[in-house]
Amino acid sequence: MKTLKTFFHIGIACLGVFSLCQCSKSVSAPELEVCQWAGDANAAISYTFDDNCPNQFSTVIPMFNEFDIHGTFFPVINWLGGNYDNIKAAVAAGHEIGSHTVSHANLGELSTEDVIAELHGSRTTIEEVIGNGYKCVTIAYPYCIAPDSIELVADDYINARVCDGRVDSTDVNFLRVSSHPLGAVFNRTSCEDLISIFDATRAKNGWSTLLFHEIDEGSGYSPFPSAEIRKSLEYLKENESIYWVAPMGEVARYIVERETYTLDVHQENGKYVAKLSLEGLDEEIFNMPLTFKYTKKDGSLGYINLSPDEVAEIDF
Ligand SMILES: [Zn+2]
């Protein structure tokens, strides 16, 4: 009887193990798919401001801070007059400071040596004065003219802006990222003009960069009214599931990481975890989280943001 009982118990235990095995076989690991843009947005939008016109610091940055939206600002080093307070405050508030060279020279007319001095000198000055390990990764070519030896730009920057009014797609040329010039000179001074660019960008699942100079009244180039920028920010906030608004440097980092990452998904203590790796990329620059989507066990859609080299539990 005792033998029979033991046999019975062993039989139940075996059945239990068997059914557990069957069960774990039928639930496969979550399949994570990288999203084209952060937050699974349909399109990416970058606001950029050239030439350190004073109203960019006194009007635009406080307005962007109000909306918790970040832009890219391209000061000319020699035009800052040795006062770096504005650009330091901009970075502290989460905005990007890119380079617009040392002297706003036409890079297409300079010797190779002078091109290198403009590219390298502006980047190192910005990084030194801002400090705290800040990396200046984006440049806007003065007059939208790239140097003849454009490959030199990649020694100092990961992306560079021209101004030919295109929507960029996933196979963007990082040494010629497009932008849409705005303001009075281009007869584009309204929020509606910006929304038409947003619409076109969404239709292509692409990336558009907006190019501003002077804001409101001032002596700078091609003024654009701040009240219309404010309306556009309200519009983007209302549609934030559709548009990812981020500085150029963040969008470029996201694209590079998205094309490079490897993912390890495995079980730890019965739970699925994921680890994102970015082999071969400079970890001081490429540290943006990527958004992944997946189908949960119950069939609903799940999202997870993964930062490089962090192990994160997947809500599966
Ligand atoms: Zn300029």
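In this text the structure is predicted, and so the values were computed from the model without any measurement.

Student: Help me understand the overall build of the chain, please; the structure alone is not making it clear to me.
Tutor: When you go through the chain residue by residue, the secondary structure sums to 7 helices and 14 strands. Taken over the C-alpha atoms alone, the chain extends approximately 100 × 45 × 30 Å along its principal axes. Out of the 316 residues in the chain, the part that is buried amounts to 34%. The contacts of the chain with a sequence gap of at least 6 include a subset with a gap of at least 24, amounting to 69%.

Student: Would you explain the nonpolar core in this entry?
Tutor: Generally speaking, a soluble globular protein has its nonpolar side chains buried in company with each other. Core analysis: the largest hydrophobic core is formed by 64 residues, its most contacted members being A44, Y243 and V251. Apart from the residues within four sequence positions on either side, Y243 is in contact with A41, A43, I45, F198 and L236.

Student: Whenever I open this one, the sheet that holds strand 13 (residues 301-306) confuses me. Can you help?
Tutor: In sheet architecture, strand pairing relies on hydrogen bonds along the backbone and comes in two forms, parallel and antiparallel. Taken together, the 3 strands give an open sheet; going across it, the order is 1-12-13, and neighbouring strands pair in antiparallel fashion. Of all strands in the sheet, those with a lone pairing partner are strand 1 (33-34) and strand 13, marking the two edges. Bridge count for strand 12 (residues 290-295) against strand 13 is 6 bridges, and the pairing is antiparallel. Bridge pairing in strand 13 links T295 to L301.

Student: Please clarify how the environment of S226 should be interpreted in this entry.
Tutor: Among the secondary structure elements, S226 is positioned in helix 6 (residues 226-238). For S226, a count of 17 C-beta atoms within 10 Å translates into the label partly exposed. Expressed as a C-alpha distance, the spacing of S226 and A200, which sit 26 residues apart in the sequence, is 22 Å. S226 has contacts with T59, V60, M63, I215 and D216, leaving out every residue within four places of it along the chain.

Student: Help me out: how do you make sense of the packing of helix 5 (residues 191-203) against helix 6 in this one?
Tutor: Angle between the axes and distance between the axes: these two values describe a pair of packed helices. For the pair helix 5 and helix 6, the least separation of the axes is 8 Å and the interaxial angle reads 40 degrees. Of the possible angle classes, the one that applies to helix 5 and helix 6 is oblique. Two packed elements cross with a definite hand, and for helix 5 against helix 6 that hand is right-handed. Facing C191, L194 and I195 of helix 5, the residues of helix 6 in contact are E228, K231, S232 and Y235. Taken together, the residues of the contact of helix 5 with helix 6 sort by class into 4 nonpolar, 1 polar and 2 charged.

Student: What's the story with the packing of helix 2 (residues 54-67) against helix 6 in this structure? I'm lost.
Tutor: It is at 11 Å that the axes of helix 2 and helix 6 come closest, and there the two elements cross at 20 degrees. Comparing their axes, helix 6 and helix 2 come out roughly parallel. In this structure, helix 2 crosses over helix 6, and the sense of that crossing is right-handed. Contact with helix 2, carried on its side by T59, V60, M63 and F67, involves S226, I229, R230, L233 and K237 of helix 6 and no other residues of that element. Looking at the contact of helix 2 with helix 6 residue by residue, the classes come out as 5 nonpolar, 2 polar and 2 charged.

Student: Honestly, the pairing of strand 2 (residues 43-50) in this entry has me stumped. Any pointers?
Tutor: On any regular strand, side chains alternate: one points to one face of the sheet, the next to the other face. The element strand 2 is largely enclosed, with a buried count of 8 among its 8 residues. Burial of the side chains of strand 2 extends over both faces: A43, I45, Y47 and F49 are buried on one face and A44, S46, T48 and D50 on the other. Looking at chain direction, strand 2 and strand 9 (residues 243-245) are connected through 3 bridges and run parallel. When the bridges of strand 9 are listed, A43 appears paired with Y243. The pairing of strand 2 with strand 8 (residues 207-212) spans 6 bridges and is parallel. Its bridge partner lying in strand 8, F49 is registered against F212. The parallel pair strand 2 and strand 3 (residues 72-74) is bridged by helix 2, and the resulting crossover is right-handed.

Student: Even after reading the chapter, I still don't get the sheet that holds strand 10 (residues 262-268), so can you show me in this structure?
Tutor: Read from one edge to the other, the open sheet built from 3 strands follows the order 10-11-14, with strand pairing classed as antiparallel. This sheet does not close on itself; its edge strands, each paired only once, are strand 10 and strand 14 (311-313). Taken over all neighbouring pairs, the strand axes of this sheet differ in orientation by 30 degrees on average, direction set aside. Examined bridge by bridge, strand 11 (residues 271-277) and strand 14 share 3 bridges and lie antiparallel to one another. Bridge pairing in strand 14 places A274 opposite A312.

Student: Would you mind going over unusual backbone geometry with me for this structure?
Tutor: The phi angle of most residues is negative, glycine excepted, and most peptide bonds adopt the trans form. Residue N52 is not a glycine yet carries a positive backbone phi of 40 degrees. Locating N52 in the fold gives a position in the loop between strand 2 and helix 2. A positive phi angle is found at C144, which is not glycine, with a value near 65 degrees.

Student: Could you clarify how one ought to interpret the environment of A43 in this entry?
Tutor: Mapped onto the elements of the fold, A43 is located in strand 2. The class of A43 is buried, set by 24 C-beta atoms lying within 10 Å. In this structure, A43 is in contact with W37, T201, R202, N205, G206, I242 and Y243, ignoring residues within four places of it in sequence.

Here is what the cut-offs are and how they apply
Residues numbered from 1 in each chain as written. Predicted model: local features only at pLDDT ≥ 70, side-chain atom pairs only at ≥ 80, totals over all residues. Helix = DSSP H or I, 4+ residues; strand = E, 2+ residues; numbered from the N terminus. Buried ≥ 20, exposed ≤ 12 C-beta atoms within 10 Å, placed from the backbone. Contact = placed C-beta atoms within 7 Å. Core = buried A, V, L, I, M, F, W, Y, C linked by C-beta atoms within 7 Å. Pairing = 2+ DSSP bridges. Axes fitted to C-alpha atoms, helices over the stretch in contact; angles between N-to-C directions. Parallel < 35°, antiparallel > 145°, perpendicular 65-115°, else oblique. Left-handed = near helix turned anticlockwise from the far one by under 90°. Nonpolar A, V, L, I, M, F, W, Y, C, P; charged D, E, K, R; others polar. Right-handed = clockwise from strand over helix to strand, strands pointing away.

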